[in-house]
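The primary structure of each chain is shown beneath.
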Amino acid sequence: TLALGRGIPLVGGNLSYDLTVLEAENRRHGVPGLVERMGGVAKVAPIIDVQVLAMHAEPKRLETVKDRHGNVVPRDDGRKGAKKRCRNGCRCGSIDNTLSGLCLHYGVVLSDAHGADADAMAACLLWPRIMGRSIDRFPGQTVMSLHRSQVQWRAQQQNKLRGIFNW
């Protein structure tokens, strides 16, 4: 709360999930949550979420892999769904918008995926690279205006996903 209170951004990936879990766990243990300590949801800012930024910067970065007959190729990592890859001949090896996938695509070394220190460092290195590669998608953004924009982009991304699931 001290950093956020001074305008220092909280940086990470998929932070809407992490912060929701954090709030629920604080509530479960009877500890004041971040929202309560900061004085409301609007005061929990600035937040920089590299997944939201990346999906805004390159919304159609990934494509579904199809075989020579046009059939969708299933994932080969045991998870459900179609295999994905970067479009336009990008050979980074990224197959998704996870922190690991974004690090591959943007050339950030992620030494210990899912380790708190490594994930935090990777996210801090990622956000300027994402914005730098697609600077035209972020005109005149300050850290606070970027936070406000991300709230809107995340809502749009979730609505699109909801439409896909409802289809």
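Computed from a predicted model, the values in this text were never measured in an experiment.

### Side note on the pattern of salt bridges
1) Next: One pass over the full model with this rule turns up seven salt bridges.
2) Next: Arg-79 is paired through a salt bridge with Asp-77; the nearest N and O atoms lie 3.0 Å apart.
3) Next: Since its relative accessible area comes to 44%, Arg-79 is described here as partly exposed.
4) Next: For Asp-77, a relative accessible area of 35% puts it in the partly exposed group.

### Brief notes about helix 7 (residues 143-166)
1) Next: The end-to-end C-alpha distance of helix 7 is 34 Å, a good match for the 34 Å that 24 residues give at a rise of 1.5 Å each.
2) Next: Considered for burial, the residues of helix 7 that qualify are Ser-145, Leu-146, His-147, Ser-149, Gln-150, Trp-153 and Gln-157.
3) Next: As for helix 7, its buried residues are in contact with strand 2 (47-49), helix 4 (50-57) and helix 6 (116-133).

### Considering empty space enclosed by the protein
1) Next: Within the structure shown, the criterion is met by one cavity of 30 Å³ or more.
2) Next: Quantified by volume, the largest cavity comes out at close to 30 Å³.
3) Next: Surrounding the largest cavity, Arg-75, Asp-76, Asp-77, Ala-82, Lys-83, Lys-84 and Ile-95 form its lining.
4) Next: Its residues placed into classes, the lining of the largest cavity shows two nonpolar, no polar and five charged.

### Re the layout of surface pockets
1) Next: If you add up the space inside the largest pocket, you get close to 1200 Å³.
2) Next: In terms of lining, the largest pocket is formed by 32 residues, of which the most central are Met-55, Leu-62, Lys-84, Asn-97 and Leu-161.
3) Next: Looking at the lining of the largest pocket, the elements that each hand over two or more residues are helix 4 and helix 7.
4) Next: The greatest single-element share of the lining of the largest pocket, amounting to nine residues, is contributed by helix 7.
5) Next: Residues of the lining of the largest pocket, tallied by class, amount to 10 nonpolar, nine polar and 13 charged.
6) Next: In terms of lining, the second largest pocket is formed by 17 residues, of which the most central are Ser-16, Leu-19, Ile-47, His-147 and Val-151.

### What to know about the side chain of Gln-157
1) Next: Position of Gln-157 relative to the elements: it lies in helix 7.
2) Next: For Gln-157, a relative accessible area of 14% puts it in the buried group.
3) Next: The residues contacting Gln-157, other than those within four sequence positions of it, are Val-52, Met-55 and His-56.

### Quick look at the nonpolar core
1) Next: The biggest cluster of nonpolar side chains holds 23 residues, and the ones touching the most others in it are Val-50, Leu-53, Leu-126, Trp-127, Ile-130 and Leu-146.
2) Next: Apart from the residues within four sequence positions on either side, Leu-146 is in contact with Ile-48, Leu-53, Trp-127, Met-131, Phe-138, Gln-141 and Trp-153.
3) Next: One finds Leu-4, Leu-15, Leu-19 and Ile-47 within the second-largest nonpolar core, a separate group that totals seven residues.

About the cut-offs
Residues numbered from 1 in each chain as written. Predicted model: local features only at pLDDT ≥ 70, side-chain atom pairs only at ≥ 80, totals over all residues. Heavy atoms only, no water. Salt bridge = Lys/Arg side-chain N within 4 Å of Asp/Glu carboxyl O. Buried < 20%, exposed > 50% of the residue type's maximum accessible area, 1.4 Å probe, protein only. Helix = DSSP H or I, 4+ residues; strand = E, 2+ residues; numbered from the N terminus. Expected span 1.5 Å × (residues − 1). Contact = heavy atoms within 4.5 Å. 1 Å grid on protein atoms, 1.4 Å probe; cavity = no way out; pocket = protein on both sides within 12 Å on 5 of 7 lines; lining within 4 Å. Points joined across faces, edges and corners; volume = space filled by probe spheres on them. Nonpolar A, V, L, I, M, F, W, Y, C, P; charged D, E, K, R; others polar. Core = buried A, V, L, I, M, F, W, Y, C linked by side-chain atoms within 4.5 Å.

So, to be careful, I would describe these as geometric facts and stop short of saying anything about function.
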